[in-house]
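# Examining the three-dimensional arrangement
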Amino acid sequence: MKTAMELRTKLLERGCRFAAEIEAHLDDGTAQFSVDCACAPDGSVTLEVTAPESISGITATVEPGAENARFDDVALDFGLLADGQLAPMAIPQLLFGAWTQAYIREAGADGDSWNAVYLSGWGERELTVEQWLTKEGVPTYADLWFGNQNAANVKLSEFVIGTNES
């Protein structure tokens, strides 16, 4: 629990940056894409698509509590996940929101890494984020669940506390 709380404190003070490879389990298939993310302490997330190459460079912002992204120029429509409740581009903001705001149901060592489970919402809109972190507290992988449905799997890299603005 201490590692998850230490991460939360740092993120609330300074935000973070990270790269994410996302596999979103849509209502009618799967979408895979990669993004570079900058998360501000206020919870807003700015992201840029880095893969696949055909959509690379598209940028968007997701505000706290938003279920959709606000695109700067060109919009993406992967479809929806979690029974039509969520746009895949909102996944990085959901992760940051879990790390900084959600109830930490459990946390502990898992070999050479840490595992934390975050909960927010309730009923069919309950979000569970199962997060793996290095022993230094750096997030490396997450599974996102809405109710009993696996909404996404996220591989994280290049994680740094602080944003370009902080």
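Read on for an overview of the structure. All of these numbers come straight from a predicted model, not from anything done at the bench.

## Observations concerning the packing of aromatic side chains
- Tallied over the entire structure, the rule returns 4 aromatic pairs.
- Between W99 and F159, the ring centres sit 5.8 Å apart and the planes meet at 80°, which makes this aromatic pair edge-to-face. Residue W99 is found in helix α2 (residues 91-101), and its partner F159 is found in strand β10 (residues 149-161); the two are separated by 60 residues along the sequence.
- For F159, a relative accessible area of 14% puts it in the buried group.
- In this structure an aromatic cluster arises from ring pairing among F18, W99 and F159.

## Details of the pairing of strand β9 (residues 139-146)
- One ladder, built from 7 bridges, connects strand β8 (residues 127-134) with β9; its direction is antiparallel. For T128, the partnering residue across the bridge sits in β9 and is W145.
- Counting the residues between successive antiparallel strands, the hairpin from β8 to β9 contains 4 residues, one of them, G137, with a positive phi of roughly 90°.
- Counted along the chain from β9 to the antiparallel partner β10, the turn is 2 residues long, and its residue G147 has a positive phi close to 60°.

## So, the pattern of salt bridges
- Applying the stated rule across the entire model yields 1 salt bridge.
- Among the salt bridges present, the one from R105 reaches E106, with a minimum N-O distance of 3.4 Å.
- With relative accessibility at 42%, the residue R105 sits in the partly exposed group.

## Notes on the nonpolar core
- Ranked by internal contacts, the top residues of the largest apolar core, which has 46 residues, are F18, V35, W99, Y118 and L144.
- Those residues in contact with W99, other than ones at most four positions away along the chain, are L7, R8, L11, C16, F18, Y118, Q131, P139, L156 and F159.

## A word on helix α1 (residues 2-14)
- End to end, α1 covers 18 Å across 13 residues, agreeing with the expected 18 Å (1.5 Å per residue, within 8%).
- All of the buried residues along α1 are T3, A4, L7, R8 and L11. Buried positions in α1, seen along its axis, are confined to an arc of 135° and lie on one side of it. Among the exposed residues of α1, those pointing more than 90 degrees away from its buried face are K2 and E13.

Cut-offs applied
Residues numbered from 1 in each chain as written. Predicted model: local features only at pLDDT ≥ 70, side-chain atom pairs only at ≥ 80, totals over all residues. Heavy atoms only, no water. Phe/Tyr/Trp six-rings, centres within 6.5 Å; stacked < 30°, edge-to-face > 60°. Helix = DSSP H or I, 4+ residues; strand = E, 2+ residues; numbered from the N terminus. Buried < 20%, exposed > 50% of the residue type's maximum accessible area, 1.4 Å probe, protein only. Pairing = 2+ DSSP bridges. Salt bridge = Lys/Arg side-chain N within 4 Å of Asp/Glu carboxyl O. Core = buried A, V, L, I, M, F, W, Y, C linked by side-chain atoms within 4.5 Å. Contact = heavy atoms within 4.5 Å. Expected span 1.5 Å × (residues − 1). Arc of directions from axis to C-beta.

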